[in-house]
Amino acid sequence: MPAFDLLLADVDVATMVDGRYSVIADAGVGIIDGQIAWVGAMSDLPANDVASRISLPGQWLTPALIDCHTHLVFAGNRSAEFEQRLGGASYEDIARAGGGIMSTVNATREARRDTLIEQTRRRLVILRSEGCGTVEIKSGYGLNVDVECRMLDVARTLGVESGLSVINTFLGAHAVPTEFRNRSDDYVDLVCNEMMPAIAAQNLADAVDAYCEPIAFSPDQVRRVFDCAATLNLPVKLHADQLSDSGGAALAAEFNALSADHVEYTNQPGVEALAAAGTVAVLLPGAFLTLGETQLPPLGALRANGVPVAVATDCNPGTSPVCSIRTAMALASSVFRLTPEECLAGVTCNAARALGLADRGTIEVGKRADLAIWEIGHPQELSYWLGSNELTALYVAGQRL
Ligand code: NIG
Ligand code: FE
């Protein structure tokens, strides 16, 4: 075997192959050209040269974490609405009165690009400090061609700057902007005929998302958006069944979506459709908690049908002001009752799948060397501590960040 550029040695590894810890105790990971070239017990280490060796006794190595659902680019915040909701107003009432997503759209449209960069950088740096090597970022607070493009360009710029892998998702169908009130079909025309082609032409999106809900877009409108994405060869994902059973999960499955996200109200046929399509269910406990929801996602049915489950922050100013993947993991366990192993799979291998990324999410030969090193006694601690940070090092494509 050629020389390793780097050998991480004497470490306990949770490979997360098949969504299990799949532990290799007292192991090593050899890296060549940013990829995992060897993983195994130190007693089986091949006798080849090592340019650089780092010994990590007493620590754990896992795949770098992946936050597969965020709305990280936005201006301002909605703490005033949070207070209104605690006083009894509902998320839907506030949205119908012109607040909600639209108030963040107004703030984001007015913000200078520099301001968006600065505010988003702060959030991205927190996710990186917690071991995220890959972060998905959605647009959806511009709702016109210029500002949707600006948001996605900010995300791309920060991906380069941070060293993280940022995956862009176009979410033009997030809300009907005020200027299209009562003309939502015309707005969908704009999304399909102008926004999406412009974004695709500039290579600003890796996938397309939509919000299927009575306060947002109907299943037929989502179908139009997804048909358009297919013509541009962009994979799709869906905000599905968050506040009501809109048939969102089945709709996502109908289009072989990468993921259906939220899914609290998804019914049994919806779960079966996800399983048949291989669509990942992305659970977002931060939004559930912040909105004071009571309808839990159908975890038993998801497990029974073998639907891969991911976990993400949904970081956004309205429903999930949660800028911590570890917090999302802890909440997924304590609120949704996922096991810590399911949570770790949910932010590694299954999150990679929710983004269509086959090159990461597990510790296996040939995968990208996206690795997180932890000062912990067992990986179950990653969903157990709430508000602490046990990360000691993060590698993306073999480079230490
Ligand atoms: O994932 N549900 C729609 N989108 C976000 C909320 C965005 C907002 O309220 O600003 C979500 O919960
Ligand atoms: Fe969301």
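As the structure is a prediction and not an experimental result, all values here were calculated from the model.

Outline the nonpolar core, supporting the account with residue identities and numerical values.
Core analysis: the largest hydrophobic core is formed by 100 residues, its most contacted members being Phe170, Val225, Leu238 and Leu338. A total of 8 residues in this core trace back to one element, the largest contributor, which is helix α6 (residues 184-201). Residue-level mapping places this core at the junction of two domains, with at least three residues from each of domain 1 (6-63 + 362-400) and domain 2 (65-354). By size, the runner-up hydrophobic cluster in this structure holds 17 residues, among which are Leu6, Val11, Leu61 and Ile363.

Hey, could you go over the packing of helix α4 (residues 113-129) against helix α5 (residues 145-162) for me, with residue numbers and the actual values?
The N-to-C vectors of α4 and α5 enclose an angle of 50°; their axes lie 10 Å apart at closest approach. Here α4 is positioned oblique relative to α5, judged by the angle of their axes. Here α4 and α5 pass one another in a crossing that is right-handed. Residues Arg113, Leu116, Ile117, Thr120, Arg121, Leu124 and Arg128 of α4 lie in contact with α5, whose contacting residues are Arg150, Asp153, Val154, Thr157, Leu158, Glu161 and Ser162. Looking at the contact of α4 with α5 residue by residue, the class counts come to 5 nonpolar, 3 polar and 6 charged.

So, the pairing of strand β14 (residues 371-374): which residues are in play, and what are the values?
Side chains of β14 alternate between two faces, with Leu371 and Ile373 and Ala372 and Trp374 buried alike. Across 4 bridges, the pairing between strand β5 (residues 60-63) and β14 is antiparallel. What sits directly across from Pro63, in β14, is Leu371. Pairing between β14 and strand β15 (residues 391-396): 4 bridges, direction antiparallel. Paired with Leu371 across the two strands is Tyr395, which belongs to β15.

Could you give an account of the site of ligand 1, with specific residues and numbers?
Neighbouring ligand 1 are 15 residues; Arg78, Tyr91, Tyr141, Asp314 and Thr319 lie closest to it. Interatomic distance of 2.8 Å between a side-chain N/O atom of Arg78 and an oxygen atom of ligand 1. His174 is positioned with one of its side-chain polar atoms (N or O) 2.9 Å from a nitrogen atom of ligand 1. Relative to its unbound accessible surface of 320 Å², ligand 1 loses 100% to contact with the protein. The site holding ligand 1 turns out to be the largest cavity.

Rules and cut-offs
Residues numbered from 1 in each chain as written. Chains lettered and ligands numbered in written order. Predicted model: local features only at pLDDT ≥ 70, side-chain atom pairs only at ≥ 80, totals over all residues. Heavy atoms only, no water. Core = buried A, V, L, I, M, F, W, Y, C linked by side-chain atoms within 4.5 Å. Buried < 20%, exposed > 50% of the residue type's maximum accessible area, 1.4 Å probe, protein only. Helix = DSSP H or I, 4+ residues; strand = E, 2+ residues; numbered from the N terminus. Domains from an automatic or database assignment. Axes fitted to C-alpha atoms, helices over the stretch in contact; angles between N-to-C directions. Parallel < 35°, antiparallel > 145°, perpendicular 65-115°, else oblique. Left-handed = near helix turned anticlockwise from the far one by under 90°. Contact = heavy atoms within 4.5 Å. Nonpolar A, V, L, I, M, F, W, Y, C, P; charged D, E, K, R; others polar. Pairing = 2+ DSSP bridges. Near = heavy atom within 4 Å. Polar contact = N/O pair within 3.5 Å; in protein donor to acceptor, adjacent residues only side chain to side chain. Areas by Shrake-Rupley, 256 points an atom, 1.4 Å probe, with all protein chains shown as cover. 1 Å grid on protein atoms, 1.4 Å probe; cavity = no way out; pocket = protein on both sides within 12 Å on 5 of 7 lines; lining within 4 Å. Sits in = over half its atoms within 2 Å of the grid points.

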